[in-house]
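As a plain string of letters, each chain reads:
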Amino acid sequence: MRHFLATILLAIMTVCVVPAYAQQLPDYDQWNETAQAAEEVVRNPQATNADLATLRAELVDWRDTLLAAEDVNGDQISMIQNQIDTLGEAPAEGETEDASVAERRSQLEEQLSEAQAPRIAANEAASRASAMIARIDEITRQRAALELTKQSPSPLLPASWGKAATDGLDLIEGVGNEVSGANSTDGLWESVRPNLAEVLLYLFGAVLLLTLGRNWIGSLPSRLSARATTYSRAVLAFVVSLGQIALPMLGVYLGISAIQATGLPGDWTTPFLNALPVAAVILFGGIWLSRAMFPRQAIAYTSLQMTEKARHRAGRWVNALAALMALQYILSRAVLPLSGLYEQGEVQVDRVPVEFSDSGAGVWHLVLVTITALVMFRLGNILRRIPRDAGAQDLTYRHYIVAWAGTLTRIVAPLAVIAVAAGFVNFGNLMVWPWLYSLALIALLILLQDFIADLFNMLQRGAEGARDGLAPLLIGFALVIMSIPLFLVIWGASVDELAEYWVAFREGISLGGITLSPGSILTFLIVFLIGYFITRGVQGAFRNSILPKTKLDPGGQNALVSGLGYVGIVLAAILAITSAGIDLSSLAIVAGALSVGIGFGLQNIVSNFVSGIILLIERPVSVGDWISAGGQQGIVKRISVRSTQVETFDKTEVIVPNSDLISQPVTNWTRHNKVGRIIVPVGVAYGTDTRKVEAILREVVEDHPLISIDPAPSILFRGLGADSLDFEIRAILADVGTGLGVTSDLLHEVVRRFSEEGIEIPFAQRDIWLRNPEALKGEDAAPAPTGPVKSEALSETARSLPDSDDMDGDGR
């Protein structure tokens, strides 16, 4: 059996250690030729954007190959490095070592250099490729910036109006001729006839979906949610409402298929058909956002706290913006140049045959941007007033973000019109359309966050706090992080630029000599979480299964479990740091410099931490003990690293710093056992038989069932007080926690027995002397006493005093 297990283990090690294939090194001669050619293209100012894009793609492929080559000879390098480490540290300057060791060290260092040479070459070449890619990206950005800030003739000039009219008429004429069939051949009908049934079927489906289908899917969420449970209603409504985008899109697809099946589309109408699907997504997606964010009748709740009137108005303006955005997309893709960020090189390929002049296109852009700006301004007015209209309602962060977006919308709208009117058409379009797409993405994030919260609420069947739990919050935050690339794309970032950002992100950042990359951070988190959960599992096993079967007291069990937790977390952190490949040695100097400041700034925290460790090891105080510290009494409920939680007898929680329990006196009533003593003082009037009192008190205390007989209670005559003869009852209790109840029982019984025996319990009495009795005036005043007066007489006499000022300052 042992041989069998050894064989399996050897096989596993062989599979893990021996590489599956030998990696082929790059052809550096070919790379040098490519790099030299690329540098010449980059230096050439006449190079087109297409040339730069092709060159960049080739360089990216080379860089990927070179980066992969940086990992060659990994096992060989590790083996040689271990052999060098085995020889010990190299001798310092002026020192020598054994000749055979020195010769072996020299051989190993030579082998190490040879093994590292391919890595160094690959790293150098990859750095060169990255530098050229960065240069190409810089050139592309500079050209894009120049294009965006290019000024064309102002659309307000009359000459621009004429060119716009001429270009518009040419477009209408060309599209009209193609649609009417004027440009078609005589055999068009013969070519359409075989596909007539298919065309009619597509058209019928398109009309059905875009009319009756839209109305049906629009009312479906309300009808289904009425039958759903309260906690699943919002989720069902959201999922079903997505059909308001999918169903009309299917109708648009069928309509486009019907038109293409006729064979009529040519150079004038094909660009419009190609742009139509995305424009339909923009239109129906915007209408869906309008219904979801600003519903006329909320199904479960509204995402934003708004008045009903403001919500309806905002919904109308969003619908109008969706239509304008769809129209702009069609025109920019099929007809108009100078369309801002979305004026890409491949756009002109599928445009209509007529070429709009810059001045004529500026006029059409001015009309479209002006109408859009007016709608944006109206919508911005509504959004910015959301916090004010909500009044005293508790508003979440989203309301202030939307209000801030509404304020910026009111600023962007007029600036865009001014920019286009001044001839900066690209820049004006840059301000309007990316901003509107950004607003749409913000609204989508809000809806997705609500959907995640509703989903958790449904899974927990409407449990209290389910929507506001930590998990929905973290997922919502993750959605915001993941949306950052989408915002970058909206504002003009290309896929290649995003890929470069991702490469830089994967390589990580260097902080104090430590390189933090996504891989290392993810490895750290995974290993630490695994170690953390293993630690918690071991703690649970010890707390619930192992320690209850031992003779350790509860305080010792808690100390052991806490110690296991601290040790496990420290080990998990060390393993996570090691697995992530983080070298903390470079931080030694920084840590040494910060240690002084940390020592002063965190000395109280460190003191409490060390005190907590001492409490867990020495256990002068344990969980469940009754202690008195810092003027507080109560039961110890929990001992943590920084503080100890004490529950007082009136059920309040007191947090006592651990350092106070170490440095200050602490009374522990139940440290080793619960046995304790109570002292009950009793006073009797002068003239009472003291032996009789002693006998009565002894009978009372010995009759109580909770008082210990061994040692026996004692009755002590403690002194001659000012008002009474003072006795004390001293008794030992098996559980000092019952002391208050026992004391109360004893006092009740003492009062009863004293009453039966005629023994008087005294109360304080004072004699009052009046120095000037003649000061007492009044017709009905009684003669003032000339000697000592009991306190009872004072109240009757004091009522006849006309004024306190008539008495001497020393009168009492």
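Here is what the cut-offs are and how they apply
Every chain is numbered on its own, with residues counted from 1 as its sequence reads. With the structure being a predicted model, the display of local features is reserved for residues of pLDDT at least 70 and the display and counting of side-chain atom pairs for 80 or more, all residues being used for whole-chain, interface and lining totals. Based on all heavy atoms of the structure, the side-chain values leave hydrogens and waters out of the count. Numbering of helices and strands runs from the N terminus; a helix is a DSSP stretch of H or I covering at least four residues, while a strand is a stretch of E covering at least two. Here a helix's expected span is defined as the number of its residues, less one, multiplied by 1.5 Å. Two axes define the bend at a residue: one fitted to the seven residues ending there, one fitted to the seven starting there, and the bend is the angle between them. When checking whether two residues touch, look at their non-hydrogen atoms; a contact exists if any pair is within 4.5 Å. Strands are treated as partners if at least two bridges between them are detected by DSSP. As a rule, the C-alpha atoms of each element are fitted with a line to give its axis, helices using only the stretch in contact, and angles between N-to-C directions run from 0 to 180 degrees. Between Lys or Arg on one side and Asp or Glu on the other, a salt bridge is scored when a side-chain nitrogen of the former is within 4 Å of a carboxyl oxygen of the latter. Exposure categories follow from relative accessible area, calculated using a 1.4 Å probe and restricted to protein chains: below 20% of the type maximum is buried, above 50% is exposed, and the middle band is partly exposed. Our arc is simply the arc of the directions from the helix axis toward the C-beta atoms. Between N or O atoms, a polar contact is any pair within 3.5 Å; within protein, one atom must be a potential hydrogen donor and the other a potential acceptor, and residues adjacent in sequence are included only when both atoms are from side chains. A score between 0 and 100, pLDDT records how confident the predictor is in each residue. Among the buried residues, those of types Ala, Val, Leu, Ile, Met, Phe, Trp, Tyr and Cys that are joined through side-chain atoms within 4.5 Å form a nonpolar core.

(A) Fine view of helix α8 (residues 196–225). Between its first and last C-alpha atoms α8 spans 42 Å; for 30 residues at 1.5 Å apiece the expected length is 44 Å, and the two agree. Of all the bends found along α8, the most pronounced is centred on G213 and spans about 45 degrees. In this fold, the buried residues of α8 make contact with α9 (233–241) and α10 (243–262).

(B) Main features of unusual backbone geometry. A cis geometry characterises the amide bond from D710 onward to P711, with omega recorded as 0 degrees. By secondary structure assignment, the location of P711 is in the loop between α25 (690–702) and β9 (714–720). The phi dihedral of L338 is positive, around 60 degrees, even though this residue is not glycine. Even without being glycine, R461 reaches a positive phi, approximately 55 degrees. Looking at the element boundaries, R461 is found in the loop between α16 (425–459) and α17 (470–482).

(C) Local environment of the pairing of strand β4 (residues 632–639). Here strand β3 (residues 626–629) runs beside β4; their pairing, made up of 4 bridges, is antiparallel. Across the sheet, S628 pairs through a bridge with Q633, a residue of β4. Hairpin connection of β3 to β4: 2 residues between the antiparallel strands, including G630 at a positive phi of 60 degrees. Pairing geometry for β4 and strand β5 (residues 643–647), over 4 bridges, is antiparallel. Its bridge partner lying in β5, V636 is registered against V646.

(D) Examining the sheet that holds strand β8 (residues 676–684) more closely. Spatial strand order, β8-β10-β9: 3 strands in an open sheet with antiparallel pairing. Looking at strand neighbours, the two that pair on one side only are β8 and β9, the edges of this open sheet. Between one strand axis and the next, the sheet turns through 25 degrees on average, direction left out of account. Sheet topology places β8 next to strand β10 (residues 725–733); 9 bridges connect them, and they run antiparallel. Directly across from V680, in β10, lies its bridge partner I729. In the packing of α25 onto the sheet, contacts are made with β8, β9 and β10, and the angle to β10 comes to roughly 25 degrees.

(E) Molecular detail of the pattern of salt bridges. Applying the stated criterion to the full structure yields 19 salt bridges. Between R128 and E39 there is a salt bridge; the shortest N-O distance is 3.2 Å. With R128 in helix α5 (residues 99–148) and E39 in helix α2 (residues 28–43), this residue pair connects regions lying 89 residues apart in the sequence. According to the relative accessible area criterion, E39 is partly exposed, its value standing at 24%.

(F) Summary view of α2. End to end, α2 covers 22 Å across 16 residues, agreeing with the expected 22 Å (1.5 Å per residue, within 8%). Restricting attention to buried positions, one finds in α2 the residues W31, T34, A35, A38 and V42. With its buried residues spanning 100 degrees around the axis, α2 presents them on a single face. Across α2 from its buried face, at more than 90 degrees, point the exposed residues D29, E33, E40 and R43. Those residues of α2 that are buried lie in contact with α3 (49–69) and α5. Between the side-chain oxygen of the N-cap and the backbone nitrogen of D29 there are 3.3 Å, and the N-cap of α2 in question is D27.

(G) Layout of the confidence of the model for the chain. A residue-level look at the chain finds 84% of positions with pLDDT of 70 or above and a mean pLDDT of 81. Taking the mean pLDDT of every element in the chain, the minimum, 39, falls on helix α27 (residues 791–798) and the maximum, 94, on helix α13 (residues 358–384). Per-residue pLDDT stays below 50 along residues 1–22; that stretch engages in 2 contacts with residues further than four places along the chain or on separate chains. Taken as a whole, residues 344–348 scores under 50 in pLDDT and shows 4 contacts with residues more than four places along the chain or in a different chain.

(H) The arrangement of the sheet that holds β3 in detail. An order of β6-β5-β4-β3-β7 is seen for the 5 strands of this open sheet, with the pairing classed as antiparallel. In the strand order of this sheet, the two ends are held by β6 (653–657) and β7 (667–668), each with one partner. In the sheet, β3 pairs with β7 via 2 bridges, with the strands oriented antiparallel. Residue pairing across strands places S628 opposite T667, the latter belonging to β7.

(I) Representation of the nonpolar core. With 56 residues, the main nonpolar core has F294, M306, M376 and L436 as its most contacted residues. For this core, the secondary structure elements donating two or more residues are α9, α11 (270–293), α12 (308–334), α13, α15 (397–421) and α16. The biggest single contributor to this core is α16, with 16 residues. Apart from the residues lying within four places of it in its own chain, the contact partners of L436 are L321, M325, T372 and M376. Counting 21 residues, the second-largest nonpolar core is a separate cluster that includes V680, V684, V700 and L746.

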